[in-house]
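# Tertiary structure, described
This is what each chain is made of:
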Amino acid sequence: MSVDWRGVIPAITTPFNQDLSIDHGFLAAHCRWLIDSGCTGVVALGSLGEGATLTAREKSAVLETCVNAIGSRAAVIAGVASLSTAEAVAIARSAEEAGCHGLMVLPQFVYLGDWRETKAHVGAVFAATKLPCMLYNNPISYRTDFVPQQVGELLEEHPNLEAIKESSADVRRVTALRALAGGRLRILCGVDDLIVEAVGAGAVGWIAGLVNALPRESVELFNLACRGQSAAAFELNRWFLPLLRMDTMPKFVQLIKLVQEAVGMGNARVRPPRLELTGTELAEARATIADCLARRP
């Protein structure tokens, strides 16, 4: 199965039972609900999925659950992030064995390499399988910035690099990448509160966060932006923005899971070192969520 890299593709959360084991039953139901709501795929094991807290066995099990739940209806993309190149390659191969349709490839963690080292790291992951790949550029979180010229180098050397999740929060990057790569590269927005602007600049997909709780509204917002219905897109986006901005905050995992809990599609459990929100932080988040849901279109 090929990956189209278009539309709304949730970066899915990982649901936990009370003992913080993975709730595979809900995970499967969540995946099906998202696809039923118009999403075109899912990305598992990303930052929002708390991939860094999962063991290798758990990661494989999550991917297998997603693949079994969705089947051939949509693409399952595996996030590949690691401290070491060898482990990243192993994750990529495990994803291929689990039946995933593509990979989302992150730079190495902790050690901030130069371009030669970073290029070798992601290149090894691209070359590890025949799966189509999406590069994840998020210099705000990971300190590594894949500038357009470097993306061009990777495109020349790796034919299975097909897309980029652009999360620099600079919409000009979308324009620069389009000018550099033309139709060779699918550009997807990775910042929730920038989606309307990114689509206007030429992004064709959205790796989204709040979609975990509000897929119908997310798909509608994306479609309005793609159709150029700017007035309707502006109004829906204005309602959605207080929630979409939660995707850009340090505790975005806790916040998005809290929204899921509020709409009855999940719970707020997270794995340490993350802890659930408490006190004023929790009260303010719940107030924002309640206000938005009370005015839900």
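An account of the accompanying structure is given in this report.

## Description of the overall build of the chain
When its secondary structure is counted, the chain shows twelve helices and eight strands. Relative to the globule expectation of 19 Å for 297 residues, the C-alpha radius of gyration of the chain, 18 Å, shows essentially globular dimensions. Taking the principal axes of its C-alpha atoms as reference, the chain extends roughly 50 × 45 × 35 Å. When burial is assessed residue by residue, the chain has 57% of its 297 residues classed as buried. Nonlocal contacts in the chain, meaning residues at least 24 apart in sequence, comprise 70% of its contacts between residues at least 6 apart. In the structure as shown, the chain presents an accessible area of about 12,400 Å², 53% of it carried by carbon and sulfur atoms.

## A closer look at empty space enclosed by the protein
Using the criterion set out here, one finds two cavities of 30 Å³ or more in the structure. If you go around the largest cavity, the residues you meet are Glu-166, Ser-167, Ser-168, Ala-169, Asp-170, Val-171, Val-174, Leu-188, Cys-189, Val-191, Leu-194 and Ala-198. Broken down by class, the residue content of the lining of the largest cavity amounts to eight nonpolar, two polar and two charged. A volume near 40 Å³ is recorded for the second largest cavity. Along the walls of the second largest cavity sit Thr-13, Thr-14, Pro-15, Phe-16, Phe-26, Lys-257, Gln-260, Gly-266 and Asn-267, which together make up its complete lining. Tallied by class, residues from the lining of the second largest cavity come to three nonpolar, five polar and one charged.

## What to know about helix H4 (residues 115-128)
The first and last C-alpha atoms of H4 sit 20 Å apart over 14 residues, in line with the 20 Å expected at 1.5 Å per residue. Within H4, burial applies to Thr-118, Lys-119, His-121, Val-122, Gly-123, Val-125, Phe-126 and Ala-128.

## A word on the side chain of Lys-59
Mapped onto the fold, Lys-59 is located in helix H2 (residues 56-70). Filtering out sequence-adjacent residues up to four positions away, Lys-59 remains in contact with Leu-45, Gly-51, Leu-54, Ala-81 and Ile-91.

## Some thoughts on the side chain of Thr-14
Within the fold, Thr-14 resides in the loop between strand S1 (7-10) and helix H1 (24-36). Using a relative accessible area of 2% as the deciding quantity, one classes Thr-14 as buried. Reaching out from Thr-14, the side chain makes a polar contact with the backbone oxygen of Gly-49 at a distance of 2.6 Å. In contact with Thr-14, other than residues within four places in its own chain, are Ile-22, Leu-48, Gly-49, Glu-50, Leu-54 and Lys-257.

## Quick notes on the pattern of salt bridges
Taken as a whole, this structure holds 13 salt bridges when the rule is applied. Linking Arg-271 and Glu-58 is a salt bridge whose minimum nitrogen-to-oxygen distance equals 2.7 Å. Separated by 213 residues along the polypeptide, Arg-271 in the loop between helix H11 (252-263) and helix H12 (279-294) and Glu-58 in helix H2 bring together distant segments of the chain. Sharing partners across several salt bridges, the network here consists of Lys-119, Glu-153 and Glu-157.

## Topic: the pairing of strand S2 (residues 41-44)
Where burial is concerned, the two faces of S2 agree: the one with Gly-41 and Val-43 and the one with Val-42 and Ala-44 are both buried. Here S2 pairs with strand S3 (residues 75-80) via four bridges, running parallel. Bridge pairing in S3 links Val-43 to Ile-77. Handedness of the crossover joining S2 and S3 through H2: right-handed.

## Re the nonpolar core
Core analysis: the largest hydrophobic core is formed by 108 residues, its most contacted members being Leu-103, Leu-135 and Leu-243. No other element matches helix H10 (residues 230-244), which puts seven residues into this core. When sequence neighbours within four positions are dropped, the list of residues in contact with Leu-243 reads Leu-210, Leu-214, Val-259, Ile-289 and Cys-292.

## Quick look at the packing of H2 against helix H3 (residues 85-98)
Running from N to C, H2 and H3 point in directions that differ by 30 degrees, and their axes come no closer than 9 Å. In the crossing of H2 with H3, the sense of the turn from one axis to the other is right-handed. On H3, the residues that touch Lys-59, Ser-60, Leu-63, Glu-64 and Val-67 of H2 are Ile-91, Ser-94, Ala-95 and Ala-98. Among the residues making up the contact of H2 with H3, the classes are represented as five nonpolar, two polar and two charged.

## As for the sheet that holds S3
Backbone-to-backbone hydrogen bonds pair the strands of a sheet. The strands run either parallel or antiparallel. With parallel pairing, eight strands are arranged side by side in an open sheet as S1-S8-S7-S6-S5-S4-S3-S2. If you trace the sheet from one side to the other, it starts and ends with S1 and S2, each paired once. For this sheet the average axis-to-axis angle between neighbouring strands, irrespective of direction, equals 25 degrees. As paired strands, S1 and strand S8 (residues 205-208) are joined by four bridges and run parallel to one another. Counted as the bridge partner of Pro-10 is Ala-208 from S8.

Conventions adopted
Residues numbered from 1 in each chain as written. Predicted model: local features only at pLDDT ≥ 70, side-chain atom pairs only at ≥ 80, totals over all residues. Heavy atoms only, no water. Helix = DSSP H or I, 4+ residues; strand = E, 2+ residues; numbered from the N terminus. Rg over C-alpha atoms; globule rule 2.2 N^0.38 Å. Buried < 20%, exposed > 50% of the residue type's maximum accessible area, 1.4 Å probe, protein only. Contact = heavy atoms within 4.5 Å. Areas by Shrake-Rupley, 256 points an atom, 1.4 Å probe, with all protein chains shown as cover. 1 Å grid on protein atoms, 1.4 Å probe; cavity = no way out; pocket = protein on both sides within 12 Å on 5 of 7 lines; lining within 4 Å. Points joined across faces, edges and corners; volume = space filled by probe spheres on them. Nonpolar A, V, L, I, M, F, W, Y, C, P; charged D, E, K, R; others polar. Expected span 1.5 Å × (residues − 1). Polar contact = N/O pair within 3.5 Å; in protein donor to acceptor, adjacent residues only side chain to side chain. Salt bridge = Lys/Arg side-chain N within 4 Å of Asp/Glu carboxyl O. Pairing = 2+ DSSP bridges. Right-handed = clockwise from strand over helix to strand, strands pointing away. Core = buried A, V, L, I, M, F, W, Y, C linked by side-chain atoms within 4.5 Å. Axes fitted to C-alpha atoms, helices over the stretch in contact; angles between N-to-C directions. Left-handed = near helix turned anticlockwise from the far one by under 90°.

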